[in-house]
There are 4 protein chains.
Amino acid sequence: MLQNNTPYIRQVHYYETDQMGIVHHSNYVRWMEEARLAHFNQYVINYAELESMGIIIPVVGVSCSYKKTITYGDTVKMYSRISYFNGVKAVYEYTFYLEDEKKPSFIGSTKHCFLDERTRKPVNLKKRLPELYDKMMQIFKTEEETRRKL
Amino acid sequence: MLQNNTPYIRQVHYYETDQMGIVHHSNYVRWMEEARLAHFNQYVINYAELESMGIIIPVVGVSCSYKKTITYGDTVKMYSRISYFNGVKAVYEYTFYLEDEKKPSFIGSTKHCFLDERTRKPVNLKKRLPELYDKMMQIFKTEEETRRKL
Amino acid sequence: MLQNNTPYIRQVHYYETDQMGIVHHSNYVRWMEEARLAHFNQYVINYAELESMGIIIPVVGVSCSYKKTITYGDTVKMYSRISYFNGVKAVYEYTFYLEDEKKPSFIGSTKHCFLDERTRKPVNLKKRLPELYDKMMQIFKTEEETRRKL
Amino acid sequence: MLQNNTPYIRQVHYYETDQMGIVHHSNYVRWMEEARLAHFNQYVINYAELESMGIIIPVVGVSCSYKKTITYGDTVKMYSRISYFNGVKAVYEYTFYLEDEKKPSFIGSTKHCFLDERTRKPVNLKKRLPELYDKMMQIFKTEEETRRKL
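Calculation notes
Residues numbered from 1 in each chain as written. Chains lettered and ligands numbered in written order. Predicted model: local features only at pLDDT ≥ 70, side-chain atom pairs only at ≥ 80, totals over all residues. Heavy atoms only, no water. Least-squares fit on C-alpha atoms with pLDDT ≥ 70 in both. Contact = heavy atoms within 4.5 Å. Buried area = accessible area lost by both parts, 1.4 Å probe. Salt bridge = Lys/Arg side-chain N within 4 Å of Asp/Glu carboxyl O. Polar contact = N/O pair within 3.5 Å; in protein donor to acceptor, adjacent residues only side chain to side chain. Helix = DSSP H or I, 4+ residues; strand = E, 2+ residues; numbered from the N terminus. Buried < 20%, exposed > 50% of the residue type's maximum accessible area, 1.4 Å probe, protein only. 1 Å grid on protein atoms, 1.4 Å probe; cavity = no way out; pocket = protein on both sides within 12 Å on 5 of 7 lines; lining within 4 Å. Points joined across faces, edges and corners; volume = space filled by probe spheres on them. Nonpolar A, V, L, I, M, F, W, Y, C, P; charged D, E, K, R; others polar. Pairing = 2+ DSSP bridges. Axes fitted to C-alpha atoms, helices over the stretch in contact; angles between N-to-C directions.

**Student:** Mind laying out the relation of the copies chain C and chain B, listing which residues take part and the relevant values?
**Tutor:** When chain C is fitted to chain B, the best match, at an RMSD of 0.0 Å, comes from turning it 180 degrees and sliding it 0.0 Å along the axis. What the superposition gives is, in effect, a two-fold axis relating one chain to the other. Among all C-alpha atoms of chain C, that of Arg 10 of chain C lies closest to the rotation axis, at 5.2 Å. When the interface residues of chain C are mapped onto chain B, 100% of them again fall at the interface, so both copies present the same face.

Right, here's the structure in full:
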């Protein structure tokens, strides 16, 4: 995967390690959430605001491929991009790198649907929040285009 | 602390360890919650039901004293008891033992207040849910009495 | 997926919920670990013992498909089975059900490799621990067979 | 508590919330670790390096006082200071503030002992790593002094 936006960077927390001496694999799912929401807050809309408008975006699928272990003391650059979006569903893809490395330590993806917070039924952003739909579609298309050119 | 009720027993999960090879200290706070809610569900009322009645019981204070390390493979017996209750506030005390040991591995306590879920303001159980108040007061007194006799 | 062994059953912990009011999706990765190690301890070998023999089994891939939300108060039946094993790598598959339901709430899988704890290089169980290899291969085959018959 | 050093600042992660809609109380114990290690890395020595020198600093006591709830979307300023140090034991104190507030949302402390990583027995930093002892003692005294003046 190629990168076309600002990474979310953070250091490993001690409590994220396990007795193998590495970051426990479940934490990468949490890191994907951190990276995705940082991306969402920066490029789309503040997620806390979106929830206050009655929309939630639960995760309906996760995929993780662990390439190299990450340990306490490491700084991780986390790239996210929207790889699919149709107003009802979205897919994000992630590539995590150790600060000075060219080969990714982790590749993952998450699938999402947009739900009404109250009814817990799917909502179409195109109808419910057309401006947000346009913005997210534009991010998606720009990221796709940049990726194709690389 | 002396025990006068059924312990909550469970095994350590691998993801609860850290790179020192022991259970990370933050997990004991989660274990106290598990033990407290098991005690609450068994002796007082099902906590999920209580929340559906509009009452929440957030934690306002925590105290932990780690005596011996606990590691993956260990089975932990967790004793809880109500050590203070006045209808508005409650304190729980906990003692955790490794299965075959007489000296505790951990001693802790948590302070709580009863809040209205919607207003987030304190509620007096004696007024709001008198039957529940009576039940909890009885548990508290019985546990105190048993403890004094020991 | 069909079940051919004893499920690992446990209740949702309060701290596993998030502000959507459901179990946070990252916890299912931890639940798969709990279910897998319960399966491993019961059918193959005690995992703590295996680590003390210098073998670790890190996760190299994870896949999650969330079908229905799980909430605090629910009891979850977690089925695990070995769906691939060749002595160097293994794949586990999982299906989680709410206690009284026939449709799964969650389907997932995890990929693993067997590593030497010290060198962190792959080991072939067939050479290093032939008895363990035979046992695990037998479990794998029995589970495959039972599954085909169903 | 008064502040005399740079705070560790970070945003709440979504996965740190619970179904009350607030940050789960157990996470503050993890935040204290983050804040303490940031303080330690900045003022004393890189903790990962210290562990590679065979010293670990487990937590032997925790105390938490939750003043105001913290929610997703909040930015938290976390102040740490060494409030006791004698070469064998240390105590850290913490005060967490929401970005624009003057009253703390949380006050806590953690007790620590210095152990040899291999033997798990106490070590006296004054003997084992005298330069580190001097540095940490100096930080402790400077922080105490600054605090008295305020």
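Next comes the rest of the write-up.
**Student:** Break down the interface of chain C and chain B for me, with residues and values.
**Tutor:** The interface of chain C with chain B comprises 16 residues on the first partner and 16 residues on the second. Here chain C packs against chain B, burying approximately 1,400 Å² in sum over the two surfaces, 53% of which is carbon and sulfur. Contact with chain B buries area across many residues of chain C, yet Tyr 14, Tyr 15 and Tyr 72 of chain C alone supply 43% of it, more than any other trio. Our enumeration of links across chain C and chain B arrives at zero salt bridges. Across the chain C-chain B interface, the total number found is eight residue pairs in polar contact (both at pLDDT 80 or more). Elements represented by at least two residues in the side of chain C that touches chain B include exactly β1 (8-11), α1 (26-44) and α2 (47-52) of chain C. When residues of the side of chain C that touches chain B are assigned to their parent elements, the largest contribution, five residues, is made by α1 of chain C.

**Student:** Give me unusual backbone geometry: which residues, what numbers.
**Tutor:** Residues and elements named next belong to chain A. Here the phi dihedral of Arg 120 falls at roughly 60 degrees; this positive angle occurs in a residue that is not glycine. Within the element layout of this structure, Arg 120 appears in the loop between β7 (115-116) and α3 (125-128). With relative accessibility at 34%, the residue Arg 120 sits in the partly exposed group.

**Student:** Break down empty space enclosed by the protein for me, with residues and values.
**Tutor:** Scanning the entire structure with this criterion turns up four cavities of 30 Å³ or more. In this structure, the largest cavity encloses a volume near 70 Å³. The wall of the largest cavity is formed by Tyr 15, Glu 16, Thr 17, His 24 and Asn 27 of chain A, Tyr 15, Glu 16, Thr 17, His 24 and Asn 27 of chain B, Arg 30 of chain C together with Arg 30 of chain D. Of the residues contributing to the lining of the largest cavity, the split by class is two nonpolar, six polar and four charged.

**Student:** So what's going on with the relation of the copies chain C and chain A? Which residues, and what values?
**Tutor:** Expressed as a screw operation, the relation of chain C to chain A combines 0.0 Å of axial shift with a rotation of 180 degrees, fitting to an RMSD of 0.0 Å. A high fraction, 100%, of the interface residues of chain C reappear at the interface in chain A, so the copies pair face to face through one surface.

**Student:** Quick one: what's the story with the sheet that holds strand β1 (residues 8-11) of chain A, residue by residue and with numbers?
**Tutor:** The strand order across the open sheet formed by 10 strands is β1(A)-β4(A)-β5(A)-β6(A)-β3(A)-β3(C)-β6(C)-β5(C)-β4(C)-β1(C), and the pairing between neighbours is antiparallel. Each of the sheet's edge strands pairs with one partner strand only, and the pair in question is β1 of chain A together with β1 of chain C. In this sheet, neighbouring strand axes are inclined to one another by 20 degrees on average, regardless of whether the strands run parallel or antiparallel. For strand β5 (residues 89-98) of chain A and strand β6 (residues 106-113) of chain A, the ladder comprises eight bridges, and the chain directions are antiparallel. Along β6 of chain A, the bridge assignment pairs Tyr 92 of chain A with Thr 110 of chain A. Across the face of the sheet, helix α4 (residues 130-149) of chain C comes into contact with β4 (75-85) and β5 (89-98) of chain C while running at roughly 110 degrees to β4 of chain C.

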